[in-house]
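# Fold and contact review
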Amino acid sequence: NIAKSGTSRDAVLKAIGGTATVESALLAGQMAAQQQVETLKEEINKTHALNLRTAFVTFIHRRDAAIVMRLFSQSDREEINVSLPPAPADIIWEDFLPKGSAQVQ
């Protein structure tokens, strides 16, 4: 945790040319993002229609995708299985719609 490690924190702040003000702004942004995630979780958990068993996640950087692939490896017996996506033509898109929804074109 950067906030707990003075040396790492100082190195990061120096690298981005920041100060304690930058650190405060970063922490405030992180707290706001966490609050947004909690709000979305609450909304999703209100209905079972939105809780699907499959999802696609897109990453901007290939490195980030590789990290996630390692974090959720199948050998860890996680509840989350991660794999490369199938070709778009092989996807049954209707399976991603909540039950009773009209098909989106």
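Just above sits the structure.
This structure is a prediction, so every number in the text was calculated from the model and none was measured.

The number of helices and strands found in the protein chain is three helices and zero strands. Starting at the N terminus, the α and β elements of the protein chain follow one another as α-α-α. The buried share among the 105 residues of the protein chain stands at 4%. Intrachain contacts of the protein chain at a sequence separation of at least 6 include 32% that bridge at least 24 residues. A total of about 9600 Å² of accessible surface is found on the protein chain, and carbon and sulfur atoms cover 56% of it.

The final tally for this structure, using the stated rule, is one aromatic pair. Relative to Trp93, the ring of Phe56 lies with its centre 6.0 Å away and its plane at 45°, an arrangement referred to as tilted. Note that Phe56 is positioned in the loop between helix 2 (20-45) and helix 3 (62-71) and Trp93 in the segment after helix 3, a separation of 37 residues in sequence.

Left-over empty space is what a probe sized like a water molecule reveals as it rolls over the atoms. Roughly 1100 Å³ of volume is contained in the largest pocket. Along its surface, the largest pocket is lined by 27 residues, and Ala55, Val57, Asn81, Val82 and Ser83 are the ones closest to its centre. Grouping the constituent residues of the lining of the largest pocket by class yields 19 nonpolar, five polar and three charged.

The next point concerns the environment of Asp95. By the element assignment, Asp95 lies in the segment after helix 3. We classify Asp95 as exposed; its relative accessible area is 55%.

What follows covers the pattern of salt bridges. Per the counting criterion, the structure on display carries two salt bridges. For the salt bridge of Asp64 with Arg63, the shortest nitrogen-to-oxygen distance reads 3.4 Å. We classify Asp64 as partly exposed; its relative accessible area is 26%.

Okay, the environment of Pro85 next. Mapped onto the elements of the fold, Pro85 is located in the segment after helix 3. Residue Pro85 is classed as exposed on the basis of its relative accessible area, which comes to 53%. Remark: the alpha-carbon pair of Pro85 and Thr58, spanning 27 residues in sequence, is separated by 10.0 Å.

Rules used in this analysis
Starting from 1, residues in each chain are numbered consecutively following that chain's sequence as written. Predicted model: local features are reported for residues with pLDDT of at least 70 only, side-chain atom pairs are reported and counted for 80 or more only, and whole-chain, interface and lining totals are derived from all residues. Excluding hydrogens and water, the side-chain values take into account all heavy atoms of the structure. Runs of H or I in DSSP of at least four residues are treated as helices and runs of E of at least two as strands, each being numbered from the N terminus. Only protein chains enter the calculation, and the probe is 1.4 Å; a residue is then buried if its accessible area is under 20% of its type maximum, exposed if over 50%, and partly exposed in between. It only takes one pair of heavy atoms within 4.5 Å for two residues to be counted as in contact. The accessible surface values rely on the Shrake-Rupley method and a 1.4 Å probe; as for residues, cover is taken only from the protein chains in view. Centres within 6.5 Å are what make two rings of Phe, Tyr or Trp a pair, Trp counting through its six-membered ring; a difference in plane orientation under 30 degrees is then read as stacked, over 60 as edge-to-face, and the rest as tilted. Within this scheme a cavity is a closed region of a 1 Å grid, computed over the protein atoms alone, that accommodates a 1.4 Å probe without allowing it to escape, whereas a pocket is open but has protein on both sides within 12 Å along at least five of seven lines; lining residues each have an atom within 4 Å of a point. Grid points are joined across faces, edges and corners, and a volume is the space filled by probe spheres set on the points. Each residue is assigned to one class: nonpolar for Ala, Val, Leu, Ile, Met, Phe, Trp, Tyr, Cys and Pro, charged for Asp, Glu, Lys and Arg, and polar for all the others, Gly among them. Each salt bridge in this description consists of a side-chain nitrogen of Lys or Arg and a carboxyl oxygen of Asp or Glu lying within 4 Å of one another.

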